[in-house]
Every structure is written in C-alpha cells, then in structure tokens.
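# Commentary on secondary and tertiary structure
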Amino acid sequence: MARSGGAASATIVCEDIVIDRIGHSAPTRAIDGVSFTLPPGELICVAGATGSGKSTLVGALAGATDPSIHVVGGSAVVCGVSVRHPGRRLRELTYRAGYLPQNAGALLTPQLTVHEIIAEPILQRERKVNVKALSIRVATLLDELHLPLGLASSFPYELSAGMRQRVAIARSLVLDPKVLIADEPLANLDLEVRPVVFDAITRRRRQRGMAALLVSNDAAFARELGAEMLVIREGHVIAHGAGADLLWTPGTDPSH
C-alpha cells in the first residue's frame, strides 16, 4: 500500500513481517506476513478487534523494549533502522520514532513531575541541556495540547485521565520525531479535546513531514486525518486503503 515516493525514501517499510509473542507457554504468532509502506508526511490507521495483533505490530516498529515481542520473519525498516536486527541503532530508532503505548496516560512515572516526564526523552539523549530552552519546549507542548502551564510541577496522580493522556502525547512529540507511532491516542480524551490532538499531528505532517502510524478503530478519526486504513485480523492484513477505496482480501469483505 505504498504511495508516491518509493520504498527507498519511506519512513516505514514492512515486508512480510512476522512477530511472535513469548508468554508462559509456547510462542504465539501475533503478526503473520504484514506488508505496507508509509512515506514521510503520510498517515496510516491500524484497526482490528482486540487480540488482532495491532498493538504488537506498532510496539515492535517503535523499538519498544518488550521482552515478549520477537520479530522472527520478514523485514521492517523504520527511519532507516532495521527493527529485526537493530543492534546498536536501537537507541537511534527510539529517538526518531515517537512512541505512545497503549494506556500511555496510566503508565506515566508517578514519582516524576509533568515537566520531568515530558523532558525525559531529551535528557536521556543529550548529556548537556540548556535548562531554559528545555523549559520553553515543555511549556510550548503543554500550551499546544491545551494543558495549563502550571501543570508542569504537578504529579500524574493530580491529573485527570485525559490530562495524563495529553502529557503522554507531549512526551512522544518532544524530540520532534520523524514518525509518531501511537496506540489508541484518543483514549480517555473528551470530544472537545480531540481536535487539539488532530491539529498537533496534522501540523507536524504538513510542516515537518512527520509520518504517523496510529492504532484506532475510530473511522471518523481516520477520515478527519485523511488516513489510509490497515485492517488486521488474527495477525493478517484483511483490508487496506482509504475511504471508499478500502480493498478487502477476498472472502473477508464484511459487506458480503
């Protein structure tokens, strides 16, 4: 499902990627032969039922350090880094890909303030940091996501679920990533706040060429952002495309 630009310049190229999840029992095949291409500035929404494998897919592509996720077949290159064999370039991958995991708001480190949570990716990357510039960057993200600047000194338990989600989104954007990989970014967000997140994503796509791979079953969200859809069932792609051009794998079209 490549668009113009070709695989060589693409932000994400997946070719028959196969991912296993290792649990207490035998490995489970979570993703089996998924292929797609995501060019710079473009957006794909990954949809599917619970347990379809979509969270495993985006977690692996973001370089998440989940010991249960193993890429065992095919290939996937994200921002020029092989996900299957990243080696020392894993850190480079995590800097270039902003990752928002599932239930991100609930996963915020409770001992850190909002400022520290958002700033942490920068502090992990850079040895010397301009404290004033960092504070301005954090404040700018808070303002962009319609969060009071006074929240910078607050702790996660003092925030609503929706506020915590927006703090997590700010953290995923603080390094100006080449691609945003977000698992259910709209979780716990009130309807009036959702356009704020739309705008933050759209602005970066248009101004900076940021690509985005988002897990969401919200069809209206995909339409609002002009996204392609990648529908997964039991680890397999059963449909891809945009709007009326959504193409279903033979035998899977729900309208038949």
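Below or above, wherever it landed, is the structure these notes cover. This is a predicted model, so every value here is computed, not measured. (Residues numbered from 1 in each chain as written. Predicted model: local features only at pLDDT ≥ 70, side-chain atom pairs only at ≥ 80, totals over all residues. Heavy atoms only, no water.)

Moving on: helix H1 (residues 54-61). Most of H1 sits inside the fold, with seven of its eight residues counted as buried. Every buried residue of H1 is listed here: Lys-54, Thr-56, Leu-57, Val-58, Gly-59, Ala-60 and Leu-61. The first or second residue beyond H1 is Gly-63, which carries a positive phi of 75°. (Buried < 20%, exposed > 50% of the residue type's maximum accessible area, 1.4 Å probe, protein only. Helix = DSSP H or I, 4+ residues; strand = E, 2+ residues; numbered from the N terminus.)

Let's shift gears to the environment of Leu-230. Relative to the assigned elements, Leu-230 resides in strand S9 (residues 228-233). Linking Leu-230 and Gly-241, residues eleven residues apart in sequence, is a C-alpha distance of 6.9 Å.

One non-glycine residue, Cys-79, lies in positive phi territory at about 55°. With a phi angle near 60°, Asn-103 is a residue other than glycine that sits in the positive phi range. Mapped onto the elements of the fold, Asn-103 is located in the loop between strand S6 (97-100) and helix H3 (114-125).

With that settled, the discussion passes to the nonpolar core. Core analysis: the largest hydrophobic core is formed by 46 residues, its most contacted members being Leu-43, Cys-45, Ile-118, Val-167, Leu-180, Ile-201 and Leu-214. At the level of secondary structure, the elements contributing two or more residues to this core comprise strand S3 (43-47), H3, helix H4 (131-144), helix H5 (161-173), strand S7 (179-183), helix H6 (194-208), strand S8 (211-215) and helix H7 (219-225). Those residues within four positions of Leu-214 in sequence are excluded, and the remaining contacts are Leu-43, Ile-44, Cys-45, Val-46, Leu-180, Ala-182, Ile-201, Phe-221 and Leu-225. (Core = buried A, V, L, I, M, F, W, Y, C linked by side-chain atoms within 4.5 Å. Contact = heavy atoms within 4.5 Å.)

On to the sheet that holds strand S5 (residues 81-82). The strand order across the open sheet built from four strands is S2-S1-S4-S5, with neighbouring strands paired in antiparallel fashion. With partners counted over all chains shown, the strands left at the sheet margins are strand S2 (28-38) and S5, one partner each. Judged from the eight bridges that link them, strand S1 (residues 12-21) and strand S4 (residues 69-78) form a sheet pairing that is antiparallel. By the bridge assignment for S4, Val-13 is matched with Val-77. Docked against the sheet, H1 engages S1, S2 and S4, running at close to 120° with respect to S1. (Pairing = 2+ DSSP bridges. Axes fitted to C-alpha atoms, helices over the stretch in contact; angles between N-to-C directions.)

In short, geometric facts, not functional conclusions.
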